[in-house]
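Fold and contact review
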Amino acid sequence: MDAYDLITRNAEEVVTDEEVRELAEDPEGKRAYVGYEPSGVLHLGHLLTANKLIDLQEAGMEVVVLLADVHAYLNDKGTFEEIRETAEQMKAQFIAYGLEEDQTEFVYGSEFQLDEEYVLDLHELEVSTTLNRAQRAMAEIQGGETAKVSHVVYPLMQTLDIEYLDLDLAVGGLDQRKVHMLAREELPELGYDVRPALHTPIVADLTSGEGKMSSSEGVTISMEDSTEELEEKVNSAYCPPTRDPEPDEDGNERKNPVLELFEYHVFPRFEEITVERPEKYGGDLTYEAYESLAEDLESGELHPADAKGTLATYLDELIAPGREKLRELRAEE
Ligand code: NAL
């Protein structure tokens, strides 16, 4: 795979394609970042962007993980002390998952976001951005109905971080796109360069295939799940034998979350996938690419129950090191 394909594989959107192509011409030493509000336990949403970081490292880029403690504070996630502790756990799980420690720079927001120069730039952005614009940028991240002043400061800081961390590429889930668009508009106002952004898809809700998988509602898979819990969740997932399920009775769009998890979580991390089946059901199947597995599900060659069992096995392998790390950390407490 060439650098452009590696950088953009499984990306839902790049802004702009032209800018990313230019970056891909010489990715060596270029810096990409993802920011996370610290949370004690990683879930699949975190791992999807982490997979992209692993792709970028493979393409030769440097990766910065922002442990966004001040952002989490602004989003009412606890005291600074609590947030710091969850951030340390988060970092340990990312490393266990496979982000190369010597190729990844972990930075706390509070290391630079309280500096005078940063704060003065922030105030300048507060002057140049309308309340409405900042609120809209935040809608998909915050979601709550009572926006606080902190919620409009939040996207402005995310904008500034792109400059202050000296980044060449901003990476995030599709829910970050409005913040990144704000950043593209506002950074030049301060005399800073516009940076390209890359957005990863949002996986559908596991049981319905509708909307998005979310840690706050519905079922999510996390580093905390035991093998049994994981199997149970995957086995009860929605998995019609198609990539394009019909909308439900109310016309809501539906996806096949089992296929999405294969595509975004399993295939990027394994060279080859084996579906184990007894001889009387046709014996084992092996796949090197997502496409062929999806085709077999559609043709009936691969039964949804076998697809689910296999998915659970591979996801379990992916989360096992982080689960073990969490266990160690908790035993120390
Ligand atoms: C992501 C988050 C917070 C601050 C950032 C700063 C720079 C780049 C990315 C950042 C967290 C993200 C979330 N907004 O919703 O988890």
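Cut-offs used in this document
Residues numbered from 1 in each chain as written. Predicted model: local features only at pLDDT ≥ 70, side-chain atom pairs only at ≥ 80, totals over all residues. Heavy atoms only, no water. Core = buried A, V, L, I, M, F, W, Y, C linked by side-chain atoms within 4.5 Å. Buried < 20%, exposed > 50% of the residue type's maximum accessible area, 1.4 Å probe, protein only. Helix = DSSP H or I, 4+ residues; strand = E, 2+ residues; numbered from the N terminus. Domains from an automatic or database assignment. Contact = heavy atoms within 4.5 Å. Near = heavy atom within 4 Å. Polar contact = N/O pair within 3.5 Å; in protein donor to acceptor, adjacent residues only side chain to side chain. Areas by Shrake-Rupley, 256 points an atom, 1.4 Å probe, with all protein chains shown as cover. Nonpolar A, V, L, I, M, F, W, Y, C, P; charged D, E, K, R; others polar. Pairing = 2+ DSSP bridges. Axes fitted to C-alpha atoms, helices over the stretch in contact; angles between N-to-C directions. pLDDT = per-residue confidence, 0-100. Salt bridge = Lys/Arg side-chain N within 4 Å of Asp/Glu carboxyl O. Phe/Tyr/Trp six-rings, centres within 6.5 Å; stacked < 30°, edge-to-face > 60°.

For the rest of this paragraph, the subject is the nonpolar core. One broad rule of soluble globular proteins: the nonpolar side chains tend to lie buried together. Ranked by size, the top nonpolar core spans 67 residues in total, and within it Leu56, Leu169, Phe262 and Leu315 carry the most contacts. In terms of residue count, helix H13 (residues 304–332) provides more of this core than any other element does, eight residues in total. Looking at this core, you find at least three residues from each of domain 1 (3–200) and domain 2 (227–332). Setting aside its immediate chain neighbours within four residues, leucine 169 contacts Val20, Leu23, Arg31, Ala32, Tyr33, Leu56, Met61, Pro196, Ala197 and Leu198. Residues Tyr33, Val107, Leu165 and Ala197 belong to the second largest nonpolar core, which totals 30 residues.

Lining the immediate surroundings of the ligand are Tyr33, Gly35, Glu37, Leu66, Ala68, His71, Ile141, Tyr154, Gln158, Asp161 and Gln176. Contact between the ligand and glutamine 158: a nitrogen atom at 3.1 Å from a side-chain N or O atom of the residue. The separation between a nitrogen atom of the ligand and a polar side-chain atom of glutamine 176 is 2.8 Å. Protein contact buries 90% of the 380 Å² of open area that the ligand shows by itself. When contributions to the shell around the ligand are tallied by element, the ones reaching two or more residues are strand S2 (31–36) and helix H8 (149–164). Among the residues forming the shell around the ligand, the class breakdown is five nonpolar, four polar and two charged.

Glancing now at the sheet that holds strand S5 (residues 169–173). Taken in spatial order, the six strands make up an open sheet running S1-S6-S5-S2-S3-S4, and their pairing is mixed. Each of the sheet's edge strands pairs with one partner strand only, and the pair in question is strand S1 (13–15) and strand S4 (104–108). Averaged over all neighbouring strand pairs, the angle between strand axes comes to 20°, with direction disregarded. Direction of pairing for S2 relative to strand S3 (residues 62–67): parallel, over a ladder of six bridges. What sits directly across from tyrosine 33, in S3, is valine 64.

Locating glutamate 260 in the fold gives a position in helix H11 (residues 257–266). A polar contact is formed between the side chain of glutamate 260 and the backbone nitrogen of alanine 204, at a distance of 2.8 Å.

A few words now on the confidence of the model for the chain. Counting all residues, the mean pLDDT for the chain is 95, and 98% of those residues have values of 70 or more. Across the whole predicted complex the pTM is 0.95, and at the interface the ipTM reaches 0.94.

A separate point is the pattern of salt bridges. Considering all chains together, one arrives at 20 salt bridges under this definition. Among the ionic pairs, aspartate 17 bridges to arginine 21, the shortest N-O distance being 2.9 Å. On the criterion of helical spacing, the pair formed by aspartate 17 and arginine 21 is a turn pair, its members being four residues apart in helix H2 (residues 17–25). Put simply, glutamate 298 and arginine 243 hold a salt bridge, and the shortest N to O gap is 3.1 Å. In this pair, glutamate 298 is assigned in helix H12 (residues 290–299) and arginine 243 in the loop between helix H10 (227–235) and H11, connecting sequence segments 55 residues apart. On the accessibility criterion, glutamate 298 (33% relative accessible area) is partly exposed. Connected via shared salt-bridge partners are Arg9, Lys52 and Asp55.

For the rest of this paragraph, the subject is the packing of aromatic side chains. For the structure shown, the criterion picks out seven aromatic pairs. Judged by centre distance (5.7 Å) and plane angle (80°), the rings of phenylalanine 112 and tyrosine 118 are edge-to-face. Taking relative accessible area as the criterion, phenylalanine 112 reaches 10% and is therefore assigned buried. Ring geometry for phenylalanine 270 and tyrosine 314: centres 4.8 Å apart, planes at 80°, overall edge-to-face.

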